[in-house]
Amino acid sequence: MPQILVDHSAELDFDRSALATEVHQAIAEVIDTTVADCKTVFRAADHHRVGDGASGEAVVLVEVKILAGRSVEQRAALSDRVLAALRARIAGPAAIGVQVTELDRDTYRFVHHAGQ
């Protein structure tokens, strides 16, 4: 179920596969789910800017979407784990943000579509 969206500066060089592996494992350890249920999408942004642009920092913004019902402590622990994984993999200066958001259990739907 967990959906991980990683928006990042296009020029940023980091090991996306290793990051996804670590984040999926962290999610499985912090909330009641499995690694197999996690899905990550990396989206490179051609243009970005931090503040007035003088810092030259790259940008990485991560949203981890999970089903509602987890405690604030679990969500905060997950944010901390994802942030640590990012910091370990990004060598250059970057503005990094992590947010764990909740999906409404009554309205969220997901399927594995086999195609037509």
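Everything in this summary refers to the structure shown in the same document. Bear in mind that the values here come from a model prediction, so they are computed numbers and not experimental data.

This part is about the packing of helix H1 (residues 16–30) against helix H2 (residues 72–89). In contact at an axis separation of 10 Å, H1 and H2 are set at 160° when each is read in the N-to-C sense. In terms of orientation, H1 and H2 fall into the roughly antiparallel class. Both H1 and H2 take part in a crossing whose hand is right-handed. Between H1 and H2, the contacting residues are Ala18, Leu19, Glu22, Val23, Ala26, Ile27, Glu29 and Val30 on the first element and Gln74, Ala77, Leu78, Arg81, Val82, Ala85, Leu86 and Arg89 on the second. Here the residues of the contact of H1 with H2 sort into eleven nonpolar, one polar and four charged.

Before going further, it helps to spend a moment on the sheet that holds strand S4 (residues 94–103). Backbone hydrogen bonds hold the strands of a sheet together, and the pairing may be parallel or antiparallel. Taken together, four strands build an open sheet; the order of strands is S2-S1-S3-S4 and the sheet is mixed. Each edge of the sheet is formed by a strand with only one pairing partner; in this case those strands are strand S2 (39–45) and S4. If you compare each strand with its neighbour and ignore which way they point, the axes differ by 15° on average. Two elements, strand S1 (residues 3–9) and S2, share seven bridges in a ladder whose sense is parallel. Looking across to S2, one finds that Ile4 is bridged to Thr40. Strands S1, S2 and strand S3 (58–67) of the sheet are contacted by H1, whose axis makes an angle of about 140° with S2. The strands touched by H2 within the sheet are S3 and S4, with S4 carrying the most contacts at an inclination of about 150°.

Reading guide: rules and limits
Residues numbered from 1 in each chain as written. Predicted model: local features only at pLDDT ≥ 70, side-chain atom pairs only at ≥ 80, totals over all residues. Heavy atoms only, no water. Axes fitted to C-alpha atoms, helices over the stretch in contact; angles between N-to-C directions. Helix = DSSP H or I, 4+ residues; strand = E, 2+ residues; numbered from the N terminus. Parallel < 35°, antiparallel > 145°, perpendicular 65-115°, else oblique. Left-handed = near helix turned anticlockwise from the far one by under 90°. Contact = heavy atoms within 4.5 Å. Nonpolar A, V, L, I, M, F, W, Y, C, P; charged D, E, K, R; others polar. Pairing = 2+ DSSP bridges.

Fair warning: the whole summary comes from geometry, so function is off the table for now.
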